[in-house]
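Chain residues, written in single-letter form:
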Amino acid sequence: MVKVTEGLYVKVTRHFHYSDFGVRTNGEQRYTGRRYIQGWAPGTGFFVRDSESHTYRQFVRKQVSRQRPRYWRFLLGMEPDFVKEIKAVGDALAVCSDSYKRQLLESYQNALSVARVEERMQRIIRGIKNKIGHKSNKFFVSVLSHYKSKVAQLEADMKSVEYDVKDHCSPATYAAYTEMVEAFIKLAACRRVWHYNDEVKGNFVQVHFDLGVFDYIRSENFLPVMRDSLGVHYYILPDCVLVAHSSVDFEIVPHSEVSIIFQELSIEEPVEVLSSRLGDAASMIRIPRFNVTYYFNHVRPVVCFTEAYEKLKATL
């Protein structure tokens, strides 16, 4: 039992409360209504897009299943933990020598401190609602309103400590970035995307692209994220690509070092190049800097994305 105000004690769950706090606010319209799914840690995740792909729906269901409260996950420390995450950021900062990465980590550290308070508030709010049940009265409503107003204040605090990409690039670059994101949305909508992985049988593994967020980095358009089959996420920012292995283990690669090479595939491609799983592959892109190759079952969205990316690079 937790004392929430004078004369009122409620049961507050110890399970982590998942939310999109710090990711989007009530006033944001873009992607409003799309389900947000947290990834590795608070402030890192993606928005579920509409798709008829069976594998994408399976992928989403798998991510959602990890968020269901289970006692054994809590007991084994498998639920998100702000204390552990804040410590991990502190450890990463202690050995960080890159000024850009330090800026992102410090912003993430500050955001986690705010989000930690909000997450506890949400668990208290849930406890109050459970206590109220169907017997609402003015006292309960006033207590509930008090905590909700605190959450609203924390939203403003959160926005002040987050790294906003718009504040770190020129208007021309941000405009080009917005166009690139629009092109990426159409690229992500391709029904099938494969990552070439020479470490697995068959070499070609289906992966999924989305819009999301990394370490509470704020962007009106959200961040394009490309995944590979090795667990690496590639987040595209206006001035760089973040190669993320975890929320604190990531590399910052300027766009000037990244080239996206497009190739359209013909029906005469040798069988040994395209496995039976890629019977409808129509195009591919190679990113030598990251040693990744993706195949797609469409051509036009891939062309538009590579062109938009080159226009973005030209503004830097």
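Throughout what follows, the structure given in this document is the object of discussion. (Residues numbered from 1 in each chain as written. Predicted model: local features only at pLDDT ≥ 70, side-chain atom pairs only at ≥ 80, totals over all residues. Heavy atoms only, no water.)

Looking at the side chain of Thr-293
Within the secondary structure, Thr-293 sits in strand β14 (residues 292-296). Setting aside anything within four residues of it in sequence, one finds Thr-293 in contact with Trp-194, His-195, Tyr-196, Met-284, Ile-285 and Arg-286. (Helix = DSSP H or I, 4+ residues; strand = E, 2+ residues; numbered from the N terminus. Contact = heavy atoms within 4.5 Å.)

Some details on the pattern of salt bridges
Inspection of the entire model under this criterion finds twelve salt bridges. Across the salt bridge formed by Arg-289 and Glu-251, the nearest N and O atoms sit 2.9 Å from each other. Linking Arg-289 in the loop between β13 (283-287) and β14 with Glu-251 in strand β11 (residues 250-254), this pair joins segments that are 38 residues apart in sequence. In this structure, the salt-bridge partner of Lys-313 is Glu-310, at a minimum N-O distance of 4.0 Å. Placement of both Lys-313 and Glu-310 in helix α7 (residues 300-314) is noted, with a separation of three residues, approximately one turn of the helix. (Salt bridge = Lys/Arg side-chain N within 4 Å of Asp/Glu carboxyl O.)

Let's talk about the state of the cysteines
Enumeration according to the criterion identifies zero disulfides in this entry. Cys-240 takes part in no disulfide bond, and the closest cysteine sulfur, belonging to Cys-169, lies 11 Å away. Left without a disulfide partner, Cys-304 is nearest to the cysteine sulfur of Cys-190, which lies 10 Å away. With a relative accessible area of 28%, Cys-304 lands in the partly exposed category. (Disulfide = S-S within 2.5 Å. Buried < 20%, exposed > 50% of the residue type's maximum accessible area, 1.4 Å probe, protein only.)

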